[in-house]
Amino acid sequence: MSKKKEHAPKTNAMRIAEAAGKEYLVHTYDAPDGFLDGVSVAKATGQNPEKVFKTLVTVGHSKENYVCVIPVAEELDLKKAAAYFGEKNIEMIRAADITKTTGYIKGGCSPIGMKKPFRTAIDETALNHDTIVVSGGKVGLQMEMNPRDIAELTGAGFTNLKKS
């Protein structure tokens, strides 16, 4: 896979991927109102929604933060996530806390390059694809990469995270 030429500025996620020698493609889209839901992003970038993943930041009973990466059309099963991370329970962080916690803004939160490393899980369906698409770290910017490379860069494991 080669890098697609774009005029998008480099983000932390891109710099980290490049420094590690990981290949990625860049996809851009317009978000005139500053945010698009994941299914709309998939449509805007011409991607199958099953291979476009959203990054969700959670907080456990212990007050530790965790990152869950799931297909955009799916809903996170909080019980499955809590069990994976060994927490009594887990919930989504408040939208107002995303930037302060991750360094990214809502709609531009990449699992790669957050301001500090968090334990991360990627839904196991990512392994059904040679590449998946995640946020590139900025609204309007997506990165397409091998899911195993994303796992390596984030220290993530693969598990079932979707609501059945």
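As the structure is a computational prediction, the values presented were derived from the model and not from experiment.

Enquirer: Would you mind going over the sheet that holds strand S6 (residues 132-138) with me for this structure?
Expert: Strands pair in a sheet through their backbones, by hydrogen bonds, and they do so in one of two ways: parallel or antiparallel. Reading across from one edge, S1-S7-S6 is the order of the 3 strands in this open sheet, with antiparallel pairing throughout. The open sheet has two edge strands with one neighbour each: strand S1 (25-28) and S6. Taking each pair of neighbouring strands and ignoring which way they run, the sheet shows an average axis angle of 35°. The pairing of S1 with strand S7 (residues 141-145) spans 4 bridges and is classified as antiparallel.

Enquirer: I would appreciate a short explanation of the environment of Asn 128 in the present structure.
Expert: Along the chain, Asn 128 falls in the loop between strand S5 (119-123) and S6. Along the primary structure Asn 128 and Pro 147 are separated by 19 residues, whereas in three dimensions their C-alpha atoms are 9.3 Å apart.

Enquirer: Would you take a moment to explain the packing of aromatic side chains for this structure?
Expert: We describe a pair of aromatic rings using the distance from one ring centre to the other and the angle between the two ring planes. Under the counting rule described, the total for this entry stands at 2 aromatic pairs. Here Tyr 66 and Phe 85 contribute two aromatic rings whose centre-to-centre distance is 4.4 Å and whose plane-to-plane angle is 20°, an arrangement assigned as stacked. One end of the pair, Tyr 66, is in strand S3 (residues 65-71); the other, Phe 85, is in helix H3 (residues 78-85), with 19 residues separating them in the sequence. Using a relative accessible area of 5% as the deciding quantity, one classes Tyr 66 as buried.

Enquirer: Please explain the environment of Glu 124 as it appears in this structure.
Expert: When you line up the elements, Glu 124 lands in the loop between S5 and S6. Between the alpha carbons of Glu 124 and Thr 159 there is a distance of 4.8 Å; along the sequence they are 35 residues apart. Apart from residues lying up to four places away in sequence, Glu 124 is in contact with Phe 158, Thr 159 and Asn 160.

Enquirer: Is there a simple way to think about helix H1 (residues 12-19) in this case?
Expert: Because the α-helix completes a turn every 3.6 residues, residues three or four places apart line up on one side. Among all positions in H1, only Ala 13, Met 14 and Ala 17 are buried. End-on view of H1: buried residues confined to an arc of 95°, all on one side of the axis. Looking at the buried positions of H1, the neighbouring elements they touch are S1, S6, S7 and helix H5 (147-154). Backbone geometry just downstream of H1 places Gly 21 in the positive-phi region, at approximately 75°.

About the cut-offs
- Residues numbered from 1 in each chain as written.
- Predicted model: local features only at pLDDT ≥ 70, side-chain atom pairs only at ≥ 80, totals over all residues.
- Heavy atoms only, no water.
- Pairing = 2+ DSSP bridges.
- Helix = DSSP H or I, 4+ residues; strand = E, 2+ residues; numbered from the N terminus.
- Axes fitted to C-alpha atoms, helices over the stretch in contact; angles between N-to-C directions.
- Phe/Tyr/Trp six-rings, centres within 6.5 Å; stacked < 30°, edge-to-face > 60°.
- Buried < 20%, exposed > 50% of the residue type's maximum accessible area, 1.4 Å probe, protein only.
- Contact = heavy atoms within 4.5 Å.
- Arc of directions from axis to C-beta.

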